[in-house]
Amino acid sequence: MESIKEIFKIGYGPSSSHTMGPRKAAEEFLAKNSDADKFEVTLFGSLAATGKGHLTDTAIEQVFREKKIEIIWKPEIFLDKHPNAMTIKAVKGDAVVNEWTAYSIGGGDVIDESSTIEREQIYDLSTMKDILEWVDKRGKHFWEYVDHCENSDVWDYLLEVWKVMENAVETGIEEEGTLPGIINLPRKASTYFIKAQGLKKSLKSRSLVFAYALAVAEENAGGGKVVTAPTCGSCGVVPAVLYHIKKSYDFSERKIIRALATAGLIGNLVKTNASISGAEVGCQGEVGTACSMASGAVLQLFGGTPSQIEYAAEMGLEHHLGLTCDPIAGLVPIVFFEMVELETSRALDANNYAV
């Protein structure tokens, strides 16, 4: 398996597959065709169907801001390689001088017709069964397997990831106003947070974690800086749960980033053996994986054994199998706002049940 850095990518929302990926493809194409007079971008399939709700056009226009740009939407046409396809053409005078079809395959990764994502495979084991055997034989934790496989700089990277996650929660709680989109959806995290303060202990705790999840989801929907965990669409679950646990129990940053390492390992397993692309496998691949990651991370913080952590992660994922996405007016925040809040509760419940 590849590095868990590929699960935790720092970038701007609202979607790793519909915003970060197309932005990356546009930047690569522009760098090779900077002398063109005009660019034409055709979005196909899922990229076109929910592109406006994901600010796909905004991300592309920002890249080509100093050039003439035309965006064509073809949601009814799905190319064979992946549902998230886009063709970019460079035009000089009246002639097309270059053309490239790229696929945003999830998590901000981009491939084309002749390529796949080929990264260094630094984990020699790629199933939960084999990793459980490795840690059990040595009396170690999942984060120690991460430490065994990754370069030492992974811990500095995970600390940076945690700082961005914390900032997304705290910034999102303070923000007010409406989010981008035709329905003028108001931000609600600030109100949720304020109302939670007046509730009794148990309900207050659960309501606070709802507010934290919504805060990150709204930052993502507004194009703010977030961490894919494992995607932008599901980015609110892991930070909300860990932020809440840290605030409630005063865990050290060292323990938090070790929990992030475990979460990343779980996400990596799903990405390697299945998919984290919502366009490819539905919301189960995004919020289901995020819930699984958070479930395992929390149980590690509370001293769970590797087998208990695996059990919690399993519950976090398996109850989302078959979950699809049917966004209102192509605005996935409507769907994800509710789901990321619910998944924080499920992650906490999986922790309790596994113990």
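Criteria and thresholds
- Residues numbered from 1 in each chain as written.
- Predicted model: local features only at pLDDT ≥ 70, side-chain atom pairs only at ≥ 80, totals over all residues.
- Heavy atoms only, no water.
- Buried < 20%, exposed > 50% of the residue type's maximum accessible area, 1.4 Å probe, protein only.
- Helix = DSSP H or I, 4+ residues; strand = E, 2+ residues; numbered from the N terminus.
- Arc of directions from axis to C-beta.
- Contact = heavy atoms within 4.5 Å.
- Patch = residues over 30% accessible without salt bridge, like charges linked within 9 Å, V, L, I, M, F, W, Y side chains within 5 Å.
- Areas by Shrake-Rupley, 256 points an atom, 1.4 Å probe, with all protein chains shown as cover.
- Salt bridge = Lys/Arg side-chain N within 4 Å of Asp/Glu carboxyl O.
- Lys, Arg positive; Asp, Glu negative; His and termini not counted.
- Charge placed at Lys NZ, Arg CZ, Asp CG, Glu CD.
- Phe/Tyr/Trp six-rings, centres within 6.5 Å; stacked < 30°, edge-to-face > 60°.
- Pairing = 2+ DSSP bridges.
- Axes fitted to C-alpha atoms, helices over the stretch in contact; angles between N-to-C directions.

Draft legend 1. Summary view of helix H5 (residues 142-149). Among the residues of H5, Phe142, Trp143, Tyr145, Val146 and Cys149 are the ones counted as buried. Each buried residue of H5 lies within a common arc of 155° when the element is viewed along its axis, so the set occupies one face. Packing partners of the buried residues in H5 comprise helix H4 (128-138), helix H6 (154-174), helix H10 (253-273), helix H12 (287-301) and helix H13 (306-318).

Draft legend 2. How the structure looks around a negative patch on the surface. Together, Glu170, Glu174, Glu175 and Glu176 line one region of the surface with negative charge. Looking at the element boundaries, glutamate 170 is found in helix H6.

Draft legend 3. Geometry of the packing of aromatic side chains. With the rule as written, the count across this model stands at 11 aromatic pairs. Summarising the aromatic geometry, the rings of tyrosine 311 and tyrosine 353 are spaced 6.2 Å apart at their centres and angled 65° between planes, so their arrangement reads as edge-to-face. Placement of the pair is tyrosine 311 in helix H13 and tyrosine 353 in helix H14 (residues 332-354), with a sequence separation of 42 residues. For tyrosine 353, a relative accessible area of 59% corresponds to the exposed category.

Draft legend 4. Structural context of unusual backbone geometry. Of note, the amide linkage connecting glycine 13 to proline 14 takes the cis form, showing an omega dihedral of 10°. The residue after alanine 229, namely proline 230, is reached through a cis peptide bond having omega 5°. On the secondary structure map, proline 230 appears in the loop between strand E7 (225-227) and helix H9 (237-249). The backbone phi angle of leucine 55 is positive, close to 65°, even though this residue is not glycine. Looking at the secondary structure, you find leucine 55 in the loop between helix H2 (45-49) and helix H3 (56-63). In this structure, aspartate 250 is a non-glycine residue whose phi angle is positive, near 60°. Of note, aspartate 250 is situated in the loop between H9 and H10.

Draft legend 5. Quick peek at the sheet that holds strand E3 (residues 68-74). Strand order in this open sheet of five strands is E3-E2-E4-E5-E6, and the pairing throughout is mixed. With partners counted over all chains shown, the strands left at the sheet margins are E3 and strand E6 (109-112), one partner each. Adjacent strand axes in the sheet meet at a mean angle of 25°, parallel and antiparallel pairs treated alike. As paired elements, strand E5 (residues 95-106) and E6 share four bridges and run antiparallel to each other. If you follow serine 104 over to E6, its bridge partner there is valine 110. The sheet strands contacting helix H1 (residues 16-32) are strand E2 (38-44), strand E4 (84-92), E5 and E6, and the helix crosses E5 at an angle near 150°.

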